[in-house]
Amino acid sequence: MPQNLEVIILAAGLGTRMKSATVKVLHRAAGRPIIEYVLDLAADVSDQPPVVIVGHQREAVQKTIGNRARFAVQEQQLGTGHAVLQAAGALEGAKDRRILILSGDVPLTRPATLKKLIERHELERNALTLLTMKPDDPAMYGRIVRDKDDAVVKIVEAKDANAEEKKIGEVNAGIYIFNGEDLFKNLRNLSTNNAQGEYYLTDLLAVLRSQGQRVGAVVADDPAEAIGVNSRSELATVESVIQQRVVDRLMSEGVTFRNPATVVIDSTVTIGADTVVYPFVTLEGMTRIGEGCVVEPGVHLINTKVGDDVHLKTGTVADDSTIEDEASVGPYAHLRPGTHLGKHVKVGNFVETKKAVFGEGAKASHLSYIGDAEIGKDVNIGAGTITCNYDGVNKNKTILEDGVFIGSDTQLVAPVRVGQGAYVGAGSTITKDVPADALALSRTPQKVIPGWATRRREGLKKRE
Ligand code: UD1
Ligand code: CA
């Protein structure tokens, strides 16, 4: 890591083209605000905390970044050159240092590319070395003008470019290394004589050249590395590139994706080897999946921890939950926050859980609601069982001790406790605690009237 490198990140603009109430750098791609990817990048190449230029919604931006950076405020957004100048105070002692400028809205650059840029800067003894790229569509990027010797002579912003210049395919990625002294001295002399009436950082290139200083450029191998987020469409592109990278890394670590293009995955998610992910799965936040799991189509996990050899069947949704090894969930189960399924637990189709802890080997296989509950080991909950946890005012708890058997279609009116090994007969409404090893039954006895149906049919015939 070069010791003499300071980093400035530009993040004061609102991002008008996003058409959003939220400042651009806080828009999320693959689960993280885009500025965070840029902060990671800065940390990869410099051990100095970067100076982030903030302006629009600066409280929110500073809150997201916290102590990962120093801040300089740009009160009015007068252009990228003006933005960099705001760091002059913070970097006062940095005259002899190299200054890497990153844009808060360019999150996909790889550390290796920045290292190449830094090396080239030193090797060629440049005053400025910038990153360029050749995207399929040069769009609104600044055009790189080279002379007949292929030297970079100036950058022309798309809005200022003439028809000839517009055709240039090489564009400015918005990533630069300057020598500290050259940067701050010349920034003060920029003018706003351009289409946008702004102080363009990009004008420094021609200024340095006119002083006889050396300027170099590195062309990014992969134009995706320099995609800037200026619109929702570019945000979507950036998100898909990040996800592609995440999926590629996970595959290299031993995860199978049956159709990776259909999987939505945050960059914060981890998955263990030999797990198989089916199509149309969404994995968000701090979700952690262990080894050897099967994650079937339509599974949606948010901040959920999954152990090893777990089977998540089609359509299962889990939020803020924990699922231990060898459990099986779904199809179409809904684990709401505070659910904890122990080892070998089975939660079957159309079962909803909330703040429910299931002991090892417990089962709720069909059509149940289990909320605010403690379920012991090897408890068997029959089809259609529900915990009546809410009395209109308070949420009350249901406790089923180890080995309890709950017959189908039981209502457990909480607060209620069923003691260890007890049985509850099907169709019961349990309003009182059941002692260990007892049988509780609360249904009305069955009545049978022989021949009733025959007599009814005959009566109907006579009326015809
Ligand atoms: C800029 C470059 C362009 C380059 C492109 C690459 C200039 C004049 N143009 O254009 O050559 O191809 O980036 O992505 O530099 N910002 C501030 N304060 C300001 C203005 C901008 O902090 O007063 C910040 C923005 O928040 C953003 C970054 O600087 O993070 C770039 O600004 P933006 O307006 O997006 O510049 P581009 O038009 O993309
Ligand atoms: Ca931009």
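Source: prediction; values computed, not measured.

Draft legend 1. The arrangement of the coordination of the calcium ion (ligand 2) in detail. Surrounding the calcium ion (ligand 2) are the protein donor atoms Asp105 (OD) and Asn230 (OD1), at 2.5 Å. A residue pair is termed long-range when its members are at least 10 positions apart, and Asp105 in the loop between strand 6 (98-103) and helix 4 (111-123) and Asn230 in the loop between strand 11 (215-219) and helix 8 (232-252) qualify at 125 residues. Like Asn230, Asp105 is buried.

Draft legend 2. Seen up close, the environment of Val263. Within the element layout of this structure, Val263 appears in the loop between strand 12 (256-257) and strand 13 (264-265). A relative accessible area of 3% means that Val263 is categorised as buried. Sequence-distant contacts of Val263, that is, excluding residues within four places in its chain, are made with Gln243, Phe257, Val277, Tyr278 and Val281.

Draft legend 3. Inspection of unusual backbone geometry at higher detail. Across the junction of Gly330 and Pro331, the peptide omega takes the value 0 degrees, indicating a cis bond. Along the polypeptide, Pro331 turns up in the loop between strand 24 (328-329) and strand 25 (334-335). Phi angles above zero are rare outside glycine, and Ala30 is one such case at about 50 degrees. The backbone of Asp378 shows a phi angle near 55 degrees, a positive value even though the residue is not glycine. Within the secondary structure, Asp378 is located in the loop between strand 28 (363-375) and strand 29 (380-381).

Draft legend 4. Representation of the site of ligand 1 within the structure. Around ligand 1 sit 24 residues, and of these Gln74, Gly79, Thr80, Glu157 and Asn172 come closest. Backbone polar atom of Leu10 to an oxygen atom of ligand 1: 2.9 Å apart, as the coordinates give it. One of the side-chain N or O atoms of Thr80 is found 2.6 Å from an oxygen atom in ligand 1. Structurally, ligand 1 is housed in the largest pocket. Residue assignment for the shell around ligand 1 shows that the elements contributing at least two residues are strand 1 (5-11), helix 3 (80-85) and strand 10 (171-179). The dominant element in the shell around ligand 1, judged by the number of residues it contributes, is strand 10, at three residues. When the residues that make up the shell around ligand 1 are grouped by side-chain class, the tally is nine nonpolar, 11 polar and four charged.

Calculation rules
Residues numbered from 1 in each chain as written. Chains lettered and ligands numbered in written order. Predicted model: local features only at pLDDT ≥ 70, side-chain atom pairs only at ≥ 80, totals over all residues. Heavy atoms only, no water. Donors = N, O, S within 2.8 Å, 3.2 Å for Na, K, Ca; no water. Helix = DSSP H or I, 4+ residues; strand = E, 2+ residues; numbered from the N terminus. Buried < 20%, exposed > 50% of the residue type's maximum accessible area, 1.4 Å probe, protein only. Contact = heavy atoms within 4.5 Å. Near = heavy atom within 4 Å. Polar contact = N/O pair within 3.5 Å; in protein donor to acceptor, adjacent residues only side chain to side chain. 1 Å grid on protein atoms, 1.4 Å probe; cavity = no way out; pocket = protein on both sides within 12 Å on 5 of 7 lines; lining within 4 Å. Sits in = over half its atoms within 2 Å of the grid points. Nonpolar A, V, L, I, M, F, W, Y, C, P; charged D, E, K, R; others polar.

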